[in-house]
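# Architecture at a glance
Below are the chains, spelled out letter by letter.
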Amino acid sequence: MAASLDYKPGDIPLEEQDDRRLFCKYHYKGALLLFIPILLAPILIGTPVLICRFIYLTLCLYLIYILNLMARGAAAFIYMVFIPIAGIASSKEISVSYYTDLIFFVYSGIFMGIMMDSSKLSERLAYIVISLVGGSLKFLQIFLTIAAAIVSILVNPTISAAFWMKISQAVMVEYDTAGLIKLNSEEKPYEVGAKPYPTRPVIGIYLTCCYAASLAASLSPIVNPNGVISDGFGGSLKVLEIAMLMAGPALLGLVVMIFWLQVLFLGLLGGSVKRDLAEMAGAKAGFKQAAAERKQALGPWGIYPILALSLILLMFVLVATRKPRIFTGWDSINHKAESGLSVAGIGMSILFFAIPANYIFCRYYVCRQPEKEGPANSLLSWKAVNNNTPWAEIFMLGAAFSFSYSSSACGLNTYLADSMSSDTKAFNMKNFICGALLGTLWTTLSPATTVAKLALPTMVTAGNSFSLPFATALHNQFLLPVSSPANTIIAGWGNVRPFQFLLGGSILALFMFCTIAGFTILFRTTVL
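Attention in this report is confined to the structure presented alongside it. (Residues numbered from 1 in each chain as written. Predicted model: local features only at pLDDT ≥ 70, side-chain atom pairs only at ≥ 80, totals over all residues. Heavy atoms only, no water.)

### Quick notes on the state of the cysteines
For the structure on display, the rule yields 0 disulfides. Here C52 stays free of any disulfide, with the sulfur of C410 as its closest cysteine sulfur at 9.4 Å. Given the relative accessible area of 11%, C52 is considered buried. (Disulfide = S-S within 2.5 Å. Buried < 20%, exposed > 50% of the residue type's maximum accessible area, 1.4 Å probe, protein only.)

Here you go:
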């Protein structure tokens, strides 16, 4: 049997083996890549033609993505190739739709996280977290839920998920070193040399970061998508009204999220995970002391982590005060052009690359002699960025942005809105349910902020019975890595696969669908 460790580009991509029973395990993906486009081909004979072509491409793309049939970074460009061929939009338009303001903001969150690792800021903050929660995964999950929710409400869910993900990764490494958990599973990655898959407890902690951030953002009057949803209704639906409507579902959702992730990934109700964790529980005795000693070995805070933390806090302030909706932000200084989130995020990222980590003049900033005088690397190097950025997940997020644009360009949004239009302004339960279902589906396939910008203005023309549940359902973004930028970052850094998001988000998405729809019915006459 050929050793996979000796694999080089151009070699046989899988181990040679004579067991024919493993054929389906290794080769079903190639078969499905052929059969899925063929089986779905009858959709192409339907009308309206452009809409059917778009539905066909969307089903092919997302099935390939969810089933992991080919490299995600390559599958992400299916829209870019076939949308122009299908006559839905030009290549220039579809290319622009991939690279939005929001995707550059995602880059800035990733740059921030990589800087945290480079400066060992994530390790230092992880030791503070460990001093609070000890070696308990359950206490760690509850702490991360509260911490990610606070930063998400006050700043932004994408930044919150990136910040706490890096800290949680550092905590997981410490737990693994101490023998409290096993960080990586024994499952062999399909691609030779790929990053190993995390174990179930680790997945549960990682998902907590993005799910808590998304849930908390739904009740914030400061961050999107609430602000964009308000704009979609022409300002008649205020951000404070959206926050009031979402308060109940979001708070209940946090409780359900904690319970469900503990059941599924942390062994709350027993199973193999609980048995494995119980076997490792003996390592907890001296864990806090050992962690304190490793923290002591890091030494005092130097200029590198101090500068990194200072710039991150400044980034938080700039993002939070850009366009907070409840008071005038710095974006309103220039009335001629809007300054998106990328202005604050990428602007701070430039400083990450520009400011040296231990330069001679830094001693004047902190009134102390640097350990080594002379030139030094910047706070963030491009080599670290290139090696630690989840490019494939970001490309797939670009495809999700393109979904929202293409659904509008092919006329699908208009077609659906016209189908739900009603001559009467009276409440229509059928339209309400359809709006809630469509909103959940759209935000599963594309981030809520993008859907609210591109699809909601069209859906509003169908009346409040359809558009209001569609808008509130956009907060139900838990089923795929591309459902929100926060999910994308966690999936990329944590190597969490789409089907694991489907498992982790299934009960939460169902619960949120019911509670959001219920609260929307209760408060619909109050908010609109």
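After that view, the rundown keeps rolling.
### Regarding helix α4 (residues 78-85)
Every buried residue belonging to α4 is among I78, Y79 and I83, and all of these are buried. Within α4, the buried residues cover an arc of 95 degrees as seen down the axis, which keeps them to one side. On its buried face, α4 is in contact with α2 (49-66), α3 (72-75), α5 (91-98) and α19 (391-409). Once α4 finishes, G87 follows within two positions and takes phi at roughly 80 degrees, a positive value. (Helix = DSSP H or I, 4+ residues; strand = E, 2+ residues; numbered from the N terminus. Arc of directions from axis to C-beta. Contact = heavy atoms within 4.5 Å.)

### Observations regarding unusual backbone geometry
Glycine aside, a negative phi is what most residues show, and trans is what most peptide bonds show. Here the bond from T47 into P48 is cis, since omega is -5 degrees, no more than 30 degrees from zero. By the secondary structure assignment, P48 is in the loop between α1 (23-39) and α2. Between N224 and P225 the backbone carries a cis peptide bond, its omega angle lying at 15 degrees. Tracing the backbone shows P225 in the loop between α10 (200-217) and α11 (226-232). Notably, N68 is not glycine yet its phi reads approximately 55 degrees, a positive angle. Relative to the assigned elements, N68 resides in the loop between α2 and α3. Positive phi outside glycine occurs at K120, with the angle close to 60 degrees. Mapped onto the secondary structure, K120 falls in the loop between α6 (101-118) and α7 (121-133).

### What to know about the pattern of salt bridges
With the rule as written, the count across this model stands at 7 salt bridges. Taking the shortest distance from any N to any O, the salt bridge between E174 and R294 comes out at 2.6 Å. In this pair, E174 sits in helix α9 (residues 157-178) while R294 sits in helix α14 (residues 287-298), placing the two residues 120 residues apart along the sequence. You can call E174 buried: its relative accessible area is 10%. Residue E186 is joined to K182 by a salt bridge in which the shortest nitrogen-to-oxygen separation is 2.8 Å. Via salt bridges that share partners, R322, K323 and E338 belong to a single interconnected network. (Salt bridge = Lys/Arg side-chain N within 4 Å of Asp/Glu carboxyl O.)

### So, the packing of aromatic side chains
Per the stated rule, a full pass over the model turns up 22 aromatic pairs. On the numbers, 6.1 Å between centres and 45 degrees between planes, the contact of F104 with Y107 is tilted. Of the two residues, F104 and Y107 are both situated in helix α6; the distance of 3 residues between them amounts to about one turn of the helix. With a relative accessible area of 35%, F104 lands in the partly exposed category. The buried category is assigned to Y107, whose relative accessible area is 8%. Centroid distance Y107 to W391: 6.0 Å. Interplanar angle 50 degrees. Geometry classified as tilted. In this pair, Y107 sits in helix α6 while W391 sits in helix α19, placing the two residues 284 residues apart along the sequence. An aromatic cluster of three or more residues is present, and its members are Y99, F104, Y107, F111, F353, W382 and W391. Here the basic side chain of K166 rests over the ring of W493, its NZ or CZ set 4.3 Å away from the ring centre. (Phe/Tyr/Trp six-rings, centres within 6.5 Å; stacked < 30°, edge-to-face > 60°. Lys NZ or Arg CZ within 6 Å of the ring centre and 35° of its normal.)

### Side note on the environment of S131
Examined against the element boundaries, S131 turns out to sit in helix α7. S131 gets classed as partly exposed once you look at its relative accessible area, which sits at 43%. Along the sequence, S131 and A292 sit 161 residues apart, while their C-alpha atoms lie 7.9 Å from each other. Only 2.4 Å separates the side chain of S131 from the backbone oxygen of I128, close enough to count as a polar contact. (Polar contact = N/O pair within 3.5 Å; in protein donor to acceptor, adjacent residues only side chain to side chain.)

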